[in-house]
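A closer look at the structure
Given next are the chains, with one letter for each unit.
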Amino acid sequence: MAKKVFIKTFGCQMNEYDSNRILDTIKKIGFIRSKSLDESDCFILNTCHIRDRAKEKVYHEIGRVKQNFEGKKKPLVIIAGCVAQAENTEMLKREPYIDFIIGPQSYHKLNNTIQNFEKNKSRFEITDFESESKFEYLRKIKNDSSKISSFLTIQEGCDKFCHFCVVPYTRGPEYSRPFNQVINEAKELVEKGSREIILLGQNVNAYCSNENGRQYKLSDLIMCLENIYGLKRIRYITSHPRDMSSDLIECYANSKKLMPFIHLPIQSGSNKILRLMNRKHKVEDYISIYHELKKINSDIEFSSDFIIGYPGETEKDFEDTLNLVKNIKFFNSYSFIFSPRPGTTASSYEQIDEKISKERLKILQAELFHNQKLKNKSFENNYTNVLIENLMKDGEKLFGRNEYMTSVILNGHQDLIGKVVKVKINNSNQNSLSGEIDINKIEAA
Ligand code: SAM
Ligand code: SF4
Ligand code: F3S
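Residues numbered from 1 in each chain as written. Chains lettered and ligands numbered in written order. Predicted model: local features only at pLDDT ≥ 70, side-chain atom pairs only at ≥ 80, totals over all residues. Heavy atoms only, no water.

1. Notes on the overall build of the chain
If you tally the helices and strands in the chain, you get 14 helices and 21 strands. For 445 residues, the compact-globule formula gives about 22 Å, and the C-alpha radius of gyration of the chain, at 23 Å, lands near that figure. Seen through its principal axes, the chain has C-alpha atoms that stretch 60 × 55 × 50 Å. In the chain, which comprises 445 residues, the share counted as buried stands at 55%. Accessible area of the chain: about 20,200 Å², with a carbon and sulfur share of 48%. (Helix = DSSP H or I, 4+ residues; strand = E, 2+ residues; numbered from the N terminus. Rg over C-alpha atoms; globule rule 2.2 N^0.38 Å. Buried < 20%, exposed > 50% of the residue type's maximum accessible area, 1.4 Å probe, protein only. Areas by Shrake-Rupley, 256 points an atom, 1.4 Å probe, with all protein chains shown as cover.)

2. A short note on the site of ligand 2
Taken together, Cys158, Lys160, Phe161, Cys162, Phe164, Cys165, Val167, Pro168, Asn203, His240 and Arg279 are the residues near ligand 2. Among the residues forming the shell around ligand 2, the class breakdown is 7 nonpolar, 2 polar and 2 charged. (Near = heavy atom within 4 Å. Nonpolar A, V, L, I, M, F, W, Y, C, P; charged D, E, K, R; others polar.)

3. Details of the sheet that holds strand β15 (residues 301-308)
With parallel pairing, the 3 strands of this open sheet are ordered in space as β14-β15-β16. Pairing within the sheet leaves two strands with one partner each, and these edge strands are β14 (261-263) and β16 (333-337). Each strand of the sheet is rotated relative to its neighbour by a mean of 10°, with strand direction disregarded. As judged from the 3 bridges shared by β14 and β15, these two strands associate in the parallel manner. Residue pairing for β15: Phe261 is matched across the bridge by Glu301. Strands in contact with helix α12 (residues 283-296) are β14 and β15; relative to β15, the strand with the most contacts, it is inclined by about 165°. (Pairing = 2+ DSSP bridges. Axes fitted to C-alpha atoms, helices over the stretch in contact; angles between N-to-C directions. Contact = heavy atoms within 4.5 Å.)

4. Focus on the layout of surface pockets
Of the voids in this model, the second largest pocket is the one considered here, and its volume is about 510 Å³. What lines the second largest pocket is a set of 25 residues, and nearest its centre among them are Arg233, Met259, Pro260, Asn385 and Glu403. Top element by residues in the lining of the second largest pocket is strand β20 (residues 420-428). It accounts for 3 residues. Along the lines of polarity and charge, the residues of the lining of the second largest pocket split into 10 nonpolar, 4 polar and 11 charged. (1 Å grid on protein atoms, 1.4 Å probe; cavity = no way out; pocket = protein on both sides within 12 Å on 5 of 7 lines; lining within 4 Å. Points joined across faces, edges and corners; volume = space filled by probe spheres on them.)

5. Looking at the nonpolar core
As a rule of thumb, nonpolar side chains are buried together in soluble globular proteins. In terms of nonpolar packing, the biggest core is built from 68 residues, with Leu199 and Tyr236 touching the most fellow members. In terms of residue count, helix α8 (residues 179-191) provides more of this core than any other element does, 6 residues in total. Ignoring any residue separated from it by four or fewer positions in sequence, one finds Leu199 in contact with Leu152, Ile154, Val204, Leu218, Ile222, Leu225, Ile234, Arg235, Tyr236 and Ile237. Ranked by size, the runner-up nonpolar core spans 20 residues in total, among them Phe6, Ile62, Ile98 and Ile101. (Core = buried A, V, L, I, M, F, W, Y, C linked by side-chain atoms within 4.5 Å.)

6. Brief notes about the sheet that holds strand β7 (residues 149-153)
Reading across the sheet, the 3 strands line up as β7-β10-β13 and stay open at both edges, with parallel pairing between neighbours. With one partner strand each, in any of the chains shown, β7 and β13 (233-237) form the two edges of the open sheet. Across the sheet, the mean angle separating the axes of adjacent strands is 25° when strand polarity is ignored. Strand direction decides the pairing type here: strand β10 (residues 196-200) and β13, joined by 5 bridges, are parallel. Across the sheet, Leu199 pairs through a bridge with Tyr236, a residue of β13. Across the sheet, helix α9 (residues 218-225) touches β10 and β13, and the angle it forms with β13 is around 160°.

7. Quick word on the packing of aromatic side chains
Taken as a whole and assessed by the stated rule, the structure comprises 17 aromatic pairs. Summarising the aromatic geometry, the rings of Phe261 and Tyr404 are spaced 6.1 Å apart at their centres and angled 85° between planes, so their arrangement reads as edge-to-face. On the criterion of sequence distance, the pair formed by Phe261 in strand β14 and Tyr404 in the loop between β18 (397-401) and β19 (407-411) is long-range, its members being 143 residues apart. Judged by its relative accessible area of 13%, Phe261 is buried. (Phe/Tyr/Trp six-rings, centres within 6.5 Å; stacked < 30°, edge-to-face > 60°.)

8. Things to note about the packing of α9 against helix α10 (residues 246-254)
For the pair α9 and α10, the least separation of the axes is 8 Å and the interaxial angle reads 20°. Of the possible angle classes, the one that applies to α9 and α10 is roughly parallel. The interaxial crossing formed by α9 with α10 has left-handed handedness. Contacts from Leu218, Ser219, Ile222 and Met223 of α9 reach α10 at Asp247, Leu248, Cys251 and Asn254. (Parallel < 35°, antiparallel > 145°, perpendicular 65-115°, else oblique. Left-handed = near helix turned anticlockwise from the far one by under 90°.)

9. Brief notes about the pairing of β10
Most of β10 sits out of view: 5 of its 5 residues are buried. Of the two faces of β10, the one lined by Glu196, Ile198 and Leu200 and the one lined by Ile197 and Leu199 are each fully buried. In this sheet, β10 lies alongside β7 in parallel orientation, the contact comprising 5 bridges. Directly across from Leu152, in β10, lies its bridge partner Leu199.

10. Regarding the side chain of Glu389
You can see Glu389 is positioned in strand β17 (residues 383-391). Apart from residues no more than four positions distant in its own chain, Glu389 is found in contact with Ile148, Ser149, Phe399, Gly400, Arg401 and Ile417.

11. Remarks on helix α14 (residues 354-377)
The first and last C-alpha atoms of α14 sit 34 Å apart over 24 residues, in line with the 34 Å expected at 1.5 Å per residue. By the burial criterion, the buried members of α14 are Ser357, Arg360, Leu361, Leu364, Gln365, Glu367, Leu368, Asn371, Gln372, Lys375 and Asn376. Sitting at the head of α14, Asp353 places a side-chain oxygen 2.9 Å from the backbone nitrogen of Lys355. (Expected span 1.5 Å × (residues − 1). Polar contact = N/O pair within 3.5 Å; in protein donor to acceptor, adjacent residues only side chain to side chain.)

12. Examining the environment of Asp438
The topology assignment puts Asp438 in strand β21 (residues 432-442). Expressed as a C-alpha distance, the spacing of Asp438 and Ile273, which sit 165 residues apart in the sequence, is 48 Å. Setting aside its immediate chain neighbours within four residues, Asp438 contacts Tyr383 and Lys422.

13. Structural notes on the domain arrangement of the chain
Looking at the assigned domains, one finds that the chain contains domain 1 (3-130), domain 2 (133-377) and domain 3 (383-442). The gap between the C-alpha centroids of domain 1 and domain 3 is 36 Å. (Domains from an automatic or database assignment.)

14. A word on the environment of Pro340
If you trace the backbone, Pro340 turns up in the loop between β16 and α14. Pro340 gets classed as partly exposed once you look at its relative accessible area, which sits at 35%. Taking the C-alpha atoms as reference points, Pro340 and Ile50, separated by 290 residues in sequence, lie 9.6 Å from one another. Beyond its immediate sequence surroundings of up to four residues, Pro340 is in contact with Ser347 and Gln351.

Structure representation (structure tokens):
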């Protein structure tokens with residue numbers, strides 16, 4: 001009988017992609033996916049270390065698993081992802097219920113590790129940085145997790161060392177997958193039904209692969225994906241302002257499939273804070289990218305990440321951030337209070353009062369959410385292009401997203417899944433739109 005694996009994922013889209021690839025890999029040694037923890041033989045927790053209480057969350061989850069399996073045979077318990085990489089042996093020492101620890105760059109060793117563990121029961125950790133071997137291994141295993149909108153990791157790791165961030169320590173140095181490996185995986189996904197591909201990387205626009213005397217960049221990938229028949233939409237996430245090169249900006253003029261929506265985190269509207277963060281870009285650089293893109297296509301919209309209450313942030317620095325948000329009306333954005341991460345430069349800086357940070361975050365989010373509501377309201381009584389992704393749980397309504405990743409709910413037949421349709425929007429709120437399909441404007445799939 002097949003063994004069952006239950007996987008729980010925290011963190012970014014790259015962790016989601018990794019979890020799907022772990023499932024593709026582990027199938028080779030007889031595991032099938034279980035939707036419930038209760039009946040699983042193996043529990044994998046794919047963890048995120050980006051903000052506070054990451055470690056505690058892991059121990060809390062293990063506590064729940066222990067409770068679930070009290071008096072029953074214990075499942076194999078594996079901790080994967082960025083906390084696994086950062087904490088490694090510490091976790092094995094503190095929690096005997098964990099069987100082994102595997103870092104994000106070592107998933108190609110997962111099957112052997114499970115098989116060895118089943119034989120000799122010795123607990124250990126694998127946390128080498130081996131991106132090349134990982135992707136070389138994954139290349140030979142079909143990506144079976146295609147959805148209408150699929151993630152595809154093209155780049156891992158980061159060399160930028162922003163002073164607040166753990167990613168360079170948990171994901172290791174920047175690595176770009178070979179060009180053809182990426183294109184082949186994209187073609188495979190489209191053959192299996194994907195209509196949108198979201199290229200992923202911690203610094204996706206730093207993608208750079210040197211092969212046979214030629215350099216391939218993100219712009220080359222986009223323009224090559226453009227020619228895949230059946231693929232309708234291309235997106236990429238997360239990009240860094242420093243890597244918004246002119247060839248990438250030109251893609252917005254040359255590609256019909258690249259969506260007019262870019263997630264480009266700025267973190268702060270104050271140059272002083274950007275310097276203290278070691279971001280190596282200025283507010284002016286960001287604004288100039290904004291204008292360049294708007295000149296190409298005025299419909300292009302931006303979203304961003306903000307860190308509030310970074311050490312040294314004064315009332316004036318915060319106001320600079322607030323003014324930036326008032327000027328660039330971001331479509332939607334993520335904002336967080338600074339969380340000191342172990343081992344990062346900023347963790348030793350003097351922290352600012354939490355009450356002040358919370359108050360500032362509230363003010364910033366009120367502005368961001370206000371903009372978001374207005375943007376969504378502007379769709380009302382207008383048409384928006386929606387890629388239909390799935391039937392909703394109620395079995396009646398369809399779910400899709402427009403060019404700006406806004407969720408759209410509509411009536412329609414499930415034959416429309418995978419098609420781009422024009423939808424007349426009747427209602428909007430902060431997070432979604434709803435409307436009616438224009439049956440005369442359904443693109444050929
Ligand atoms: N590479 C992207 C960039 O440079 O913009 C960011 C990737 S990071 C995984 C996602 C977001 O988490 C960051 O943009 C930042 O806003 C947030 N973040 C990272 N470290 C943080 C920390 N120590 N405290 C609060 N937010 C943090
Ligand atoms: Fe982290 Fe992004 Fe900075 Fe890299 S560029 S250190 S991933 S915030
Ligand atoms: Fe978290 Fe690691 Fe992603 S720390 S945000 S899962 S790269």
